[in-house]
Amino acid sequence: MSSSRTIAQSQALRLVHLTARVFFRRIQVAGTEHLPREEGALLVAWHPNGIVDPMLILNRCPGTVVFGARHGLFRWPLLGLIMRSLGTVPIFRPKDFAHRTKEELREQNQQSLDALANAVATGSYAALFPEGVSHDNPHPLALKTGAARLYYRARALRPDSAHPPKIIPVGLHYDRKKVYRSRAMVAFHAPLELPEDLDIDPPEDESLEEAKARNLALTQQIESSLSTAALAAESWELHALMHRARKLVRAERARRAGSNPGRSAMKERVAGMARIWTGYQARLATNPELVNPLLSRVREYDADLNALGIEDHELDRSPRLASPWLPILLLVQFIGVFLLMPPIVLAGYVLNIPTALFIGAISKTLAKEHKDVASIKLVAGLVFFPITWGLWMWLAAWGQLEVYATFPGLPRAPIAAALSTLAMAIIGGGLSVRYARVAQETLRALRVRFTRRTRTRTLARLKTERSEIHDAILLLADGIELPGSVGEDGKVHWT
């Protein structure tokens, strides 16, 4: 596996890693054992989150990765510089170049295709998002044939002694993709196993129709693999119900094991969702008359929990801080959240909100597509927030000197004033992003405890319903080979 990097690539990667650490609370990775070490590979991923998607792959993929990206992104300040430093190859879309002929665009894209294919042929990874556009759907969109054409071009360019490159489907998962400091996961799945008629080097004398038919057939194979990697659902409602089923099974399994599994990590969450998704897809194809009534029960159970404002595991136990010291701890929590934090949060708002509003405005103005808004905000934030903090530091130092000139008895401390302002801007800004959720969780803790005291009969009914649905789900899954494994503590482990 080729891993040599230029100085520019190394510096760009450091910036990508730093951005990812700032943007996400935690990024987990699974399946790196599927990545070949001695030959190149084509990474194909679905595209749910703009420029954050390639940032995740770069952050967690060993070795050199060359991306293909639409040409317009290279004109973005800073982002274009980073992309060029990383060796990103431009893709020219017809709708972005209406003034050019089809022949000109075809020639340019063939050069881009050759550059990506050559990277794979010489032992690197090339990465594509074959949907061609980022989106907010719970499933991959129809794929373009570019990934298939790239794969066969790489096979044709590789040395005679080299093995054929691999095609690695990549799953990208976010718990709340639009929320700062959320969690994410990158899952590298097993290489595609191609049938004999697709696992070939393209003959030099084949016709254009034969090449198109083979590219289309491989694209269909890739599309199927990406649906599995993305845990695709027909709608967000179905996606939410499958997550409810996952949480339901997890909570009931933990109760029967007598364990408290705590909050699920992204790796466990995705593994559990994969088991539910696999079982659902298998049984929907063979026994829909059993699946649909069970889905209706999960929907009603979900509605009841939402009406009470609690989660599955809270049927069995109260939230954190349940102890003999609960009244004191709750009082301390209340004081901290609602009395001590607001001044710091207010300072963070004052110091950062003008820049945040400015970034929001320019992102909506400059974005050609809705999904570009989040990407522009990320890049603009890397530029404008440090500038903003620097200006506030200068103003704080200047103001302190002015105050000192007026009142000489006060200490002369412009540097301390500047650093204090910087700390308040960063800490207050970070808290301001998280404060709404912290306040909601505090109020939720109080509401859940109140519910557990006043709705004992309803909770008992829901616990019985959860147990019955759990058993019904396991019965339907009997005989199906599910991904992952279940430990003695009731947690699902990625395998």
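Report follows, based on the coordinates. Small disclaimer: the values here were computed from a predicted structure and weren't measured.

How each quantity is defined
Residues numbered from 1 in each chain as written. Predicted model: local features only at pLDDT ≥ 70, side-chain atom pairs only at ≥ 80, totals over all residues. Heavy atoms only, no water. Helix = DSSP H or I, 4+ residues; strand = E, 2+ residues; numbered from the N terminus. Buried < 20%, exposed > 50% of the residue type's maximum accessible area, 1.4 Å probe, protein only. Contact = heavy atoms within 4.5 Å. Areas by Shrake-Rupley, 256 points an atom, 1.4 Å probe, with all protein chains shown as cover. Pairing = 2+ DSSP bridges. Axes fitted to C-alpha atoms, helices over the stretch in contact; angles between N-to-C directions. Phe/Tyr/Trp six-rings, centres within 6.5 Å; stacked < 30°, edge-to-face > 60°. Expected span 1.5 Å × (residues − 1). Salt bridge = Lys/Arg side-chain N within 4 Å of Asp/Glu carboxyl O. Right-handed = clockwise from strand over helix to strand, strands pointing away. Core = buried A, V, L, I, M, F, W, Y, C linked by side-chain atoms within 4.5 Å.

1. Looking at the overall build of the protein chain
Counting its regular elements, the protein chain contains 13 helices and 9 strands. If one aligns the C-alpha atoms of the protein chain with their principal axes, the spans along those axes are about 85 × 70 × 40 Å. For the protein chain, with 495 residues in total, the buried portion stands at 46%. Taking the intrachain contacts of the protein chain between residues at least 6 apart in sequence as the baseline, contacts between residues at least 24 apart amount to 76%. Accessible surface, the protein chain as shown: approximately 25,700 Å² in total, 60% of it carbon and sulfur.

2. Some words on the sheet that holds strand β3 (residues 65-70)
Spatially, β1-β7-β6-β2-β5-β3-β4 is the arrangement adopted by the 7 strands of the open sheet, whose pairing is mixed. The sheet is open, and its two edges are formed by β1 (24-30) and β4 (89-91), each paired on a single side. On average, adjacent strands in this sheet sit at an angle of 25° to one another, irrespective of strand direction. Across the sheet, helix α5 (residues 146-157) touches β2 (41-45), β5 (125-128) and β6 (166-174), and the angle it forms with β2 is around 175°.

3. Remarks on the packing of aromatic side chains
Inspection of every chain in the model, using the stated rule, returns 7 aromatic pairs. Seen in terms of ring centroids, Phe358 and Phe384 are 5.2 Å apart; in terms of plane orientation they differ by 85°. Their pairing is edge-to-face. One end of the pair, Phe358, is in helix α10 (residues 326-366); the other, Phe384, is in helix α11 (residues 372-406), with 26 residues separating them in the sequence. Overall, the relative accessible area of 41% leaves Phe358 in the partly exposed class. Among the aromatic residues, ring-to-ring pairing joins Phe23, Phe24 and Tyr174 into one connected group.

4. Thoughts on α5
End to end, α5 covers 16 Å across 12 residues, agreeing with the expected 16 Å (1.5 Å per residue, within 8%). Looking only at α5, the buried set comprises Gly146, Ala147, Ala148, Leu150, Tyr151, Tyr152, Ala154 and Arg155.

5. As for the pattern of salt bridges
Evaluated as defined, the whole model comprises 23 salt bridges. The salt bridge involving Glu252 is made with Arg255; its shortest N-O contact spans 2.8 Å. Of this pair, Glu252 and Arg255 both sit in helix α7 (residues 236-257), separated by 3 residues, roughly a single helical turn. Looking at Arg255, the relative accessible area reads 42%, which means it is partly exposed. Residue Asp316 pairs with Arg466 through a salt bridge whose shortest N-O separation is 2.8 Å.

6. Some remarks on the environment of Ile276
With respect to the element layout, Ile276 can be found in helix α8 (residues 266-286). Spatially, the C-alpha atom of Ile276 lies 45 Å from that of Lys102, the residues being 174 residues apart in sequence. The residues contacting Ile276, other than those within four sequence positions of it, are Met242, Ala245, Arg246, Val249 and Ile473.

7. Considering the pairing of β3
Judged by how many residues are buried, β3 sits mostly within the fold: 6 of 6 residues are covered. Along β3, one buried face is formed by Val65, Phe67 and Ala69 and the opposite face, lined by Val66, Gly68 and Arg70, is buried too. Bridge count between β3 and β5: 3 bridges; the pairing is parallel. Looking at β5, one finds that Val65 is bridged to Tyr125. Between the parallel elements β3 and β4, the chain passes through helix α3 (residues 79-85) in a crossover that is right-handed.

8. A few points about unusual backbone geometry
We note that Leu78 has phi near 65°; this positive angle belongs to a residue other than glycine. Here Leu78 shows up in the loop between β3 and α3.

9. Overview of the nonpolar core
Grouped together as the largest cluster of nonpolar side chains are 43 residues, with contacts concentrated most on Phe24, Leu43, Ile57 and Leu172. Counting 32 residues, the second-largest nonpolar core is a separate cluster that includes Met242, Ala245, Met266 and Ile473.

10. Concerning the side chain of His239
Checked against the element boundaries, His239 lands in helix α7. We classify His239 as buried; its relative accessible area is 19%. Other than its neighbours up to four places away in sequence, His239 contacts Leu231, Ala233 and Met273.

The quantities given are spatial measurements derived from coordinates; they are silent on function.
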